[in-house]
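# Chain and residue survey
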Amino acid sequence: MTTIKSSAPAVAPVTGAAAAPKLASSTAAEQQDRFMKLLVAQMKNQDPLNPMDNAQMTSQIAQINTVSGLEKLNRTVESLLGAFGMLQAQSAGQLPGRAVLVEGNALPLKDGIAVGGVELASAADSVTIEVLDAAGMPVSTLSLGKSDAGVRSFAWDGSRADGSAAPEGNYRMRVTASSGGKPVQAGTLAAAQVQAVSNNADGVRIDLGAAGTRPYSAIRSFL
């Protein structure tokens, strides 16, 4: 049997991987127009004895529709992020003077009270806070009992383990938590007062004085 070969030049299938580098900087409309021209050229130059099947054509058309849809989705997301950033900046403007909880283990004792917090990855049957002095020696132990997952605050009145009053100053804390005898992931949160708020190119940042400057997202809870 004699094999009939087409004299027209072969055209490689237009796939998303091959087209992506050339279309990366184009708009969705330009990409779609270029894609359709390539698809028509491919159909004109296909092998008559081995034509492109409907499934292959449908797949290629779906690819360009996906690219177009992603560009529209990206524009929508960018618009939403811009609106969210404006709302976040407006909300942050009310923060100066507010006390918040952020990641940290500092527990300063002043006027007979020290406030801190913990963040639990899951619910715990037992949560224990150890208060440590500057040398890392235990000063007091606080039992918070059962706690749900998430953030909770606590207060220490400065009482030592023997009942005496600890001097005012800077202390640190360490947390341990468990559920059913198994450890629960937990972190300590330090209390700080928002001194100022700034809106920079990288987003809203809060000035916490001695605790440093942190992104707005660093706030775990308000006190």
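The residue numbers shown here count from 1 along each chain, following its written sequence. Local features in this predicted model are restricted to residues of pLDDT 70 or higher, and side-chain atom pairs are both shown and tallied only at a pLDDT of 80 or more, whereas totals for entire chains, interfaces and linings draw on every residue. With hydrogens and water set aside, each side-chain value is computed from the structure's full complement of heavy atoms.

## Things to note about the sheet that holds strand β11 (residues 203-207)
What counts, and what does not: Only when DSSP finds a minimum of two bridges between them are two strands counted as paired. Secondary structure elements follow DSSP: runs of H or I of four or more residues count as helices, runs of E of two or more count as strands, with numbering from the N terminus. Axes, fitted as lines to C-alpha atoms, cover a helix only where it is in contact. Angles between the N-to-C directions of the axes lie from 0 to 180 degrees.
An order of β10-β11-β12 is seen for the three strands of this open sheet, with the pairing classed as antiparallel. The open sheet has two edge strands with one neighbour each: β10 (196-200) and β12 (213-215). Taken pair by pair, the neighbouring strands of this sheet meet at an average axis angle of 30 degrees, ignoring direction. Two elements, β11 and β12, share three bridges in a ladder whose sense is antiparallel. Residue pairing for β12: Asp-207 is matched across the bridge by Thr-213.

## A short note on the confidence of the model for the protein
Residues shown with low pLDDT carry predicted positions that ought not to be read at fine detail. Worth spelling out the cut-off: As a per-residue quantity, pLDDT reports the predictor's confidence and falls between 0 and 100. Note on contacts: a residue pair qualifies if any of its non-hydrogen atoms lie within 4.5 Å across the two residues.
When pLDDT is averaged across the protein, the result is 79; 64% of the residues are at 70 or more. In this model, residues 1-25 is a region of pLDDT below 50 whose contacts with residues beyond four sequence positions or in other chains number 22 contacts.

## Overview of the sheet that holds strand β9 (residues 186-193)
Read across the sheet, five strands follow the order β6-β3-β9-β1-β13 without closing on themselves; strand pairing throughout is antiparallel. Edge strands, defined here as strands with exactly one partner in the open sheet, are β6 (150-156) and β13 (221-222). Note: strand β3 (residues 114-120) against β6, seven bridges, orientation antiparallel. Residue pairing across strands places Val-118 opposite Arg-152, the latter belonging to β6.

## Concerning the environment of Ala-106
Checked against the element boundaries, Ala-106 lands in strand β2 (residues 106-109). Between the C-alpha atoms of Ala-106 and Leu-132, which are 26 residues apart in sequence, the distance is 9.8 Å. Ignoring any residue separated from it by four or fewer positions in sequence, one finds Ala-106 in contact with Tyr-171, Met-173 and Ala-190.

## Concerning the nonpolar core
Condition: Buried Ala, Val, Leu, Ile, Met, Phe, Trp, Tyr and Cys residues form a nonpolar core when they are joined through side-chain atoms within 4.5 Å. Only protein chains enter the accessibility calculation, which uses a 1.4 Å probe; a residue is then buried when its area is under 20% of its type maximum, exposed when over 50%, and partly exposed in between.
Core analysis: the biggest nonpolar cluster contains 20 residues, and Leu-107, Val-118, Val-127, Ile-129, Phe-154, Trp-156 and Tyr-171 have the highest contact counts within it. Of all elements in the fold, only β2, β3, β4 (124-132), β5 (138-147), β6 and β7 (169-179) reach the threshold of two or more residues within this core. In this structure Trp-156 touches Leu-107, Leu-109, Gly-112, Ile-113, Ala-114, Val-131, Val-139, Ser-140, Leu-142, Ala-166 and Tyr-171, once residues within four positions along its chain are discounted. Ranked by size, the runner-up nonpolar core spans ten residues in total, among them Val-100, Val-102, Val-194 and Ile-206.

## With respect to the pattern of salt bridges
Close approach of charged atoms allows side chains with opposite charge to pair. The line we're drawing: A side-chain nitrogen of Lys or Arg and a carboxyl oxygen of Asp or Glu constitute a salt bridge if their distance falls within 4 Å.
Inspection of every chain in the model, using the stated rule, returns three salt bridges. Put simply, Glu-119 and Arg-220 hold a salt bridge, and the shortest N to O gap is 3.1 Å. Of this pair, Glu-119 sits in strand β3 while Arg-220 sits in the loop between β12 and β13, and the two are 101 residues apart along the sequence. Residue Glu-130 is joined to Arg-174 by a salt bridge in which the shortest nitrogen-to-oxygen separation is 3.1 Å. One end of the pair, Glu-130, is in strand β4; the other, Arg-174, is in strand β7, with 44 residues separating them in the sequence. Among the charged side chains, a salt-bridge network with shared partners connects Glu-103, Glu-119 and Arg-220.

## Here's the deal with a nonpolar patch on the surface
The condition is simple: The patch calculation keeps residues exceeding 30% relative accessible area without a salt bridge and links them within 9 Å when they carry like charges or within 5 Å when they are nonpolar (Val, Leu, Ile, Met, Phe, Trp, Tyr). Exposure was quantified through the Shrake-Rupley algorithm and a 1.4 Å probe, taking into account, for residues, occlusion by the shown protein chains and nothing else.
Residues Ile-113, Val-115 and Leu-223 make up a contiguous nonpolar surface patch of roughly 210 Å² in combined accessible area. Structurally, the position occupied by Leu-223 is in the segment after β13.

## Thoughts on the pairing of β10
Residues in a regular strand point their side chains to alternate faces of the sheet. In the sheet, β10 pairs with β11 via five bridges, with the strands oriented antiparallel. Residue pairing for β11: Val-197 is matched across the bridge by Ile-206. Hairpin connection of β10 to β11: two residues between the antiparallel strands.

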